[in-house]
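# Remarks on the overall topology
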Amino acid sequence: MLIHTVQSGENIYSIARTYNVPPSRIITDNQLSDPGRLVVGQTLVILFPTEVYTVRGGDTLTSVSARSGVPVLTLYRNNPQLKGKPEIFPGQVLNLAYETPPLGTIRTNGYAYAYIDRDVLRQTLPYLTYLSIFSYGLGQDGTLVLPSADDDDLIALAREYSTVPLMMLTSLTEEGTFSSELAATVLTTPELRDKIIQNTVETVIAKGYGGVDVDLEYIPADAAADFAAFIGLLREALPEGYVVFASLAPKYSADQRGLLYEGHDYAAVGAAADFVLLMTYEWGYTYGPPMAVSPIPNVRRVISYGLTEIPAEKMFIGYPNYGYDWPLPFVRGETKAQSLSNVAAVARAGQRNAAIEYDTTAEAPYYTYFDRPASYADAVEHEVWFQDARSADAMLRLVREYGLTGASVWNIMRYFPSLWLVVNSLYAIEKLI
């Protein structure tokens, strides 16, 4: 794998000649919707298969897999143009193999709401070890608040692609915000806590989930021990073979102040859970100043502290599959950034004739542009930070560098081709079912 950064004057054909690969391969691998309009600073992942196969009449993906010895899920990962579906046609060239991934194995997790577009889900599932389905809530009477849409279909699809479905348990209210009071009440009231655990275990088994991802945020400091105890009791209540994940705020130290951090005791939760997901994103956020969503120095600080409290083999880092567009000047309490997908961020740069730059400290791409109002005097400058293949590569290499188990993507609702190309090139993705 190589990551190419588009320079002024280049086009898809000149880039293909540079690397001696067909232009069609670059287009299909990167899923370029408008290959005739590349953006200066845009990244393209260039892949070099070591073995290919040209589909013949009568072939099916299953027969190609049997003949070549390459599992169907690997064919999906090596051929993103299939979009996780088995349809192939005569003359189509399939990539059977690449060089052995240099960084070993990884476990991946992705978050999805139950209403995710099924085509996006099918396209993503071949790359996922786990799928966290968002979400069940805590009822004040110990019952579970059901997801906004039925989750049976997602559970079945996950298992079809050998991905372990995880039930998400959160303290979100009906308004979509985390309730500190609700979390504290449930965690510190044994009757409610035990009823939530019982209902969770029953739901996991009945629905066919493979475990639970617990995401209780803004827990008061005096309920930190109760949160860790809840994780431990849930883990004990689930039968053998089920897993419990705990999502944790990105802390730099044990005594870090703030409601987001004080209720998450890394050592206690790390001991109680099978795995922890460090939410290493949202430094750049909707109401904050323009900056990278996951600056690598900040992520390193969280990992470094985490490793003093939690075994590396239990740890996943969080990867943000989105960016933000801030209007300038930034005014705290007034400015609100717009969230956008990484693909949309590149498209917006092209529409605004903005060259994409790269911050080598934060390891993140960004650009500025002016909107196009009727009057030039009313033009507003914008600053956009997002993710590309370079930032994905930098983030994912931290997994191997620190000996972690994996990475978790928030979220997979919008497909980001570069991310999965980079994951598949760097690591062999573990499948557990």
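Located above this text is the structure these notes cover.
Residues numbered from 1 in each chain as written. Predicted model: local features only at pLDDT ≥ 70, side-chain atom pairs only at ≥ 80, totals over all residues. Heavy atoms only, no water.

### Quick notes on the layout of surface pockets
Empty space within the largest pocket amounts to approximately 1100 Å³. Considering the residues around the largest pocket, the lining is formed by 32 residues, among which Phe178, Glu217, Tyr218, Tyr281 and Glu282 are closest to the centre. Among the elements of the structure, strand 5 (105-113) and helix 10 (259-262) are those that each provide at least two residues to the lining of the largest pocket. Here the lining of the largest pocket is composed, by residue class, of 20 nonpolar, eight polar and four charged. (1 Å grid on protein atoms, 1.4 Å probe; cavity = no way out; pocket = protein on both sides within 12 Å on 5 of 7 lines; lining within 4 Å. Points joined across faces, edges and corners; volume = space filled by probe spheres on them. Helix = DSSP H or I, 4+ residues; strand = E, 2+ residues; numbered from the N terminus. Nonpolar A, V, L, I, M, F, W, Y, C, P; charged D, E, K, R; others polar.)

### Re the environment of tryptophan 326
Residue position: tryptophan 326 is located in strand 13 (residues 323-327). Separated by 2.7 Å, the side chain of tryptophan 326 and the backbone oxygen of glycine 288 make a polar contact. (Polar contact = N/O pair within 3.5 Å; in protein donor to acceptor, adjacent residues only side chain to side chain.)

### Concerning the pattern of salt bridges
Applying the stated criterion to the full structure yields 13 salt bridges. With its nearest N and O atoms 3.4 Å apart, the salt bridge here joins aspartate 59 to arginine 67. Judged by relative accessible area, which is 12%, aspartate 59 ranks as buried. A salt bridge links lysine 85 to aspartate 119; the shortest N-O distance between them is 2.8 Å. (Salt bridge = Lys/Arg side-chain N within 4 Å of Asp/Glu carboxyl O. Buried < 20%, exposed > 50% of the residue type's maximum accessible area, 1.4 Å probe, protein only.)

### Section: the pairing of strand 9 (residues 211-215)
Burial runs high along strand 9: five of the five residues are buried. Judged by which residues are buried, strand 9 turns out to be covered on both faces: Gly211, Asp213 and Asp215 on one side and Val212 and Val214 on the other are all buried. Here strand 8 (residues 164-170) pairs with strand 9 via five bridges, running parallel. In the strand pairing of strand 9, threonine 170 is matched with aspartate 215. With four bridges connecting them, strand 9 and strand 10 (residues 243-248) associate as parallel partners. Of the residues in strand 10, the one forming a bridge with valine 214 is alanine 246. Chirality of the crossover, the property in question, places the unit of strand 9, helix 9 (residues 224-237) and strand 10 among those that are right-handed. (Pairing = 2+ DSSP bridges. Right-handed = clockwise from strand over helix to strand, strands pointing away.)

### Thoughts on the environment of isoleucine 26
For isoleucine 26, the position within the fold is in helix 2 (residues 23-30). Look at isoleucine 26 and you get buried, because its relative accessible area is 2%. Put simply, isoleucine 26 and leucine 398 are 372 residues apart on the chain and 26 Å apart in space, counted from C-alpha to C-alpha. Among residues more than four places away in sequence, those in contact with isoleucine 26 are Ile12, Ile15, Ala16, Val21, Leu32, Leu44 and Ile46. (Contact = heavy atoms within 4.5 Å.)

### Some points on the pairing of strand 11 (residues 275-278)
Side chains of strand 11 alternate between two faces, with Phe275 and Leu277 and Val276 and Leu278 buried alike. Examined bridge by bridge, strand 10 and strand 11 share four bridges and lie parallel to one another. Bridge pairing links phenylalanine 245 to phenylalanine 275 in strand 11. Looking at chain direction, strand 11 and strand 12 (residues 315-320) are connected through three bridges and run parallel. From the neighbouring strand, valine 276 faces strand 12, where its bridge partner is methionine 315. For the handedness criterion, the β-α-β arrangement of strand 11, helix 12 (residues 296-309) and strand 12 is classed as right-handed.

### Considering the packing of aromatic side chains
What the rule picks out here adds up to 19 aromatic pairs. Ring geometry for tyrosine 324 versus tryptophan 326: centroids 5.6 Å apart, planes at 55 degrees, classification tilted. Here tyrosine 324 matches tryptophan 326 in class, with each residue buried. Seen from the ring of tyrosine 252, arginine 301 lies directly overhead, with NZ or CZ sitting 3.7 Å from the centre. (Phe/Tyr/Trp six-rings, centres within 6.5 Å; stacked < 30°, edge-to-face > 60°. Lys NZ or Arg CZ within 6 Å of the ring centre and 35° of its normal.)

### Let's talk about the packing of helix 14 (residues 389-401) against helix 15 (residues 417-426)
Where helix 14 meets helix 15, the axes come as close as 9 Å, and the angle between the chain directions of the two elements is 40 degrees. If you check the angle between helix 14 and helix 15, you find them oblique. Crossing of helix 14 against helix 15: the hand is right-handed. Of helix 15, the residues touching helix 14 (which contributes Ala389, Ala392, Asp393, Leu396 and Arg397) are Ser418, Leu419, Val422, Val423 and Leu426. Class assignment of the residues belonging to the contact of helix 14 with helix 15 gives a composition of seven nonpolar, one polar and two charged. (Axes fitted to C-alpha atoms, helices over the stretch in contact; angles between N-to-C directions. Parallel < 35°, antiparallel > 145°, perpendicular 65-115°, else oblique. Left-handed = near helix turned anticlockwise from the far one by under 90°.)

### Quick look at the side chain of threonine 170
Positionally, threonine 170 belongs in strand 8. Those residues in contact with threonine 170 that lie beyond four places of it in its chain are Phe134, Ser135, Tyr136, Gly137, Leu138, Phe178, Asp215 and Leu216.

### Things to note about helix 3 (residues 61-68)
Among all positions in helix 3, only Leu61, Val64 and Ser65 are buried. Buried residues along helix 3 cover an arc of 100 degrees about the axis, so they all sit on one side. Residues of helix 3 that are exposed and angled more than 90 degrees away from the buried face: Thr62 and Ala66. Lining the buried residues of helix 3 we find strand 3 (51-54), helix 4 (72-78) and strand 4 (93-97). (Arc of directions from axis to C-beta.)

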